[in-house]
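Here is what each chain is made of, one letter per residue.
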Amino acid sequence: GIVCETGMSTRIGRIAQLIAGEDGGKQKTKCGCLPDTSASATPLQQNLEKLGGRIGMIAIVVCIVIFIIGVAMNRTDPSNPGSPAWLYMILIAVTLAVAAIPEGIPLCVTISLSIGCSDMVTKNVLVRKLAAVETLGSASVICSDKTGTLTEGKMTLVNMWSGGVAYDVEGKGFDPTVGGITREGTNKNANGDMGVRSALLAALLCCNTTLKKVKDPETREEKWEPKGNSSEAPLVVAARKIGFDEDIAKDYKRVLEIPFSSSRKMMLTVTDVSGRSEMCKDGMPLPQGTQLLSVCKGAPNFILDFCTEQLMEDGSAAPMTEADKKAVLDVVDAYSSKALRVLAIATRSFGSMPFDTEDEDLTTDQKFAACRKDLRLVGLVASIDPDRDGVPESVLAAREAGIRVVMITGDYLKTAIAIARNVNILQPQDDEQFAAVDCARLRPDGNYLPHEQMDLLTSSVRVFARAKPEDKLEIVKSLQRQGAVTAMTGDGVNDAPALNQANIGVAMGIQGTEVAKGASDMILTDDNFCSIVAAVEKGRVIYAGIQKFVAFIMSVHIAEVMQIFF
């Protein structure tokens, strides 16, 4: 390959810059030499610093007043009457200053937070930074991912659409021997329909996920388990249900793969289909001279932009008009309103690669652009990701505690709204036009809105759909400008800047990357939203306990000062 960028100019370097901040990670100082950590101070640390400053100022003023009064009254040491009054009053003033300093507070805070860290492990929360325990108790906004946090992360295909025909997919879980595919509203078996076989084979050719039987180490029972991307697993399971063998992909040599990215919103593969007149038995016919087949799988609204044809029920191809695209998007909206995650599948046939394979200067994006032109829409697949048990109740508990829960997801807006209503993030009385937005509104012309407009938008929105990792960072900054103490969840490398920027960065222990864990303050060992709410509750108990101890120890020191004073 050809190296086009190095160091901090690469994507990873850009992420490192975002984590380091605008100053590049250079340590700030105050008073010339002391490190300045005020930017990352927790609410408790800020309050204790203010308390310490006030105690110090009051102690100095009291000492000066006592010294002046004592010298004016010529108070001398009773054990040594001949000593000067000013010397005796200096000793009294210093004694007062020492008595006024509550030296037990740091010890109490450290012990309380340490005990809190230990207790939170039992709630599936691993705390990496001690101060995060207390910050949790002050959280006013929780920004959460959807997949695997609010939901189980176990996708199941329930509907599909191809050639203008809607289908139901029966069976739950990952067992391909249970269930099949029927035409919507009927019991007619559709496993052999050309549209079904073509769409699922195309999806299979654009997947890297495998499905195998494994033995449960605890029960010793065999179960089906996918290995790979959670969005691809239901496609592999459905393909196996209609009879495609697990090794069928070996019969189709992959020539090129362009992986999914948050900017492209789709994955693309090019497969060698030379010598075939149709994709598979009873599948979509291939034009004469076809040697290669390009398959795109991803967000419907993105893929439809590049489609010029659509597969019909009889296997023919028809031009795709704007009216046809709108009709397909209506189908997408119908599935999305049922909290289904929809992917579009499109293909294109080639006699040869649409770019010079010997040209080493071609970038991945250039190859991608050449292969995605004039696509033929083969079908739509719709999967459901069930809500986690207890999440709706936890969201309501957070709301009652004065915590605003915000969902940030890469899903289609309609899907995000449906899921948000299922888990109580959106209430029946909430207006979807104001409470849920597509993140494209944050950057209408490619650049993010000015701070005033951004803050106005994020102050009321509870659902952000079609979000990129960079959007998370801007949302966190906006909420912090409004004075909110923000907790942010994330699992990918691109989430690290947002996790680092948030007051409490929460990484996923199961699906999370090491980079995300390193940038976080705490880790959810079970990837469950309920654990965050339980940790916030524990944090508030710890914070309240610290406040009570500070009040007690201050009363003790005030009594000491009063005793010396009189």
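It should be noted that the structure appears before, not after, this text.
Residues numbered from 1 in each chain as written. Predicted model: local features only at pLDDT ≥ 70, side-chain atom pairs only at ≥ 80, totals over all residues. Heavy atoms only, no water.

**Some points on a nonpolar patch on the surface**
At step 1: On the surface, a nonpolar cluster with roughly 520 Å² of combined accessible area is contributed by Val71, Trp86, Leu87, Ile90, Val94 and Val98.
At step 2: Considering the arrangement of structural elements, one finds Val98 in helix H3 (residues 85-100). (Patch = residues over 30% accessible without salt bridge, like charges linked within 9 Å, V, L, I, M, F, W, Y side chains within 5 Å. Areas by Shrake-Rupley, 256 points an atom, 1.4 Å probe, with all protein chains shown as cover. Salt bridge = Lys/Arg side-chain N within 4 Å of Asp/Glu carboxyl O. Helix = DSSP H or I, 4+ residues; strand = E, 2+ residues; numbered from the N terminus.)

**Thoughts on the sheet that holds strand E20 (residues 486-490)**
At step 1: Strand order in the open sheet made by the eight strands is E3-E22-E21-E20-E4-E17-E19-E18, with mixed pairing throughout. On the outer flanks of this sheet lie strand E3 (125-127) and strand E18 (436-438), each paired with one strand and no other. Strand-to-strand twist in this sheet, taken as the mean axis angle between neighbours without regard to direction, amounts to 20°.
At step 2: Pairing geometry for strand E4 (residues 141-144) and E20, over three bridges, is parallel. Of the residues in E20, the one forming a bridge with Cys143 is Met488. (Pairing = 2+ DSSP bridges. Axes fitted to C-alpha atoms, helices over the stretch in contact; angles between N-to-C directions.)

**Remarks on unusual backbone geometry**
At step 1: Residue Asn124 is not a glycine yet carries a positive backbone phi of 65°.
At step 2: Along the polypeptide, Asn124 turns up in the loop between helix H4 (104-121) and E3.
At step 3: Judged by its relative accessible area of 31%, Asn124 is partly exposed.
At step 4: Residue Ala339 is not a glycine yet carries a positive backbone phi of 65°.
At step 5: Its location among the elements puts Ala339 in the loop between helix H9 (322-336) and strand E15 (340-350). (Buried < 20%, exposed > 50% of the residue type's maximum accessible area, 1.4 Å probe, protein only.)

**Quick notes on the pattern of salt bridges**
At step 1: According to the stated counting rule, one finds 19 salt bridges in the structure shown.
At step 2: Among the ionic pairs, Asp119 bridges to Lys538, the shortest N-O distance being 3.1 Å. Linking Asp119 in helix H4 with Lys538 in helix H18 (residues 529-565), this pair joins segments that are 419 residues apart in sequence.
At step 3: Among the ionic pairs, Asp495 bridges to Lys472, the shortest N-O distance being 3.3 Å. Of this pair, Asp495 sits in the loop between E20 and helix H16 (496-501) while Lys472 sits in helix H15 (residues 469-481), and the two are 23 residues apart along the sequence. Taken as a pair, Asp495 and Lys472 share a single burial class, namely buried.
At step 4: Within this structure, Asp145, Lys472 and Asp495 form a network of salt bridges that share partners.

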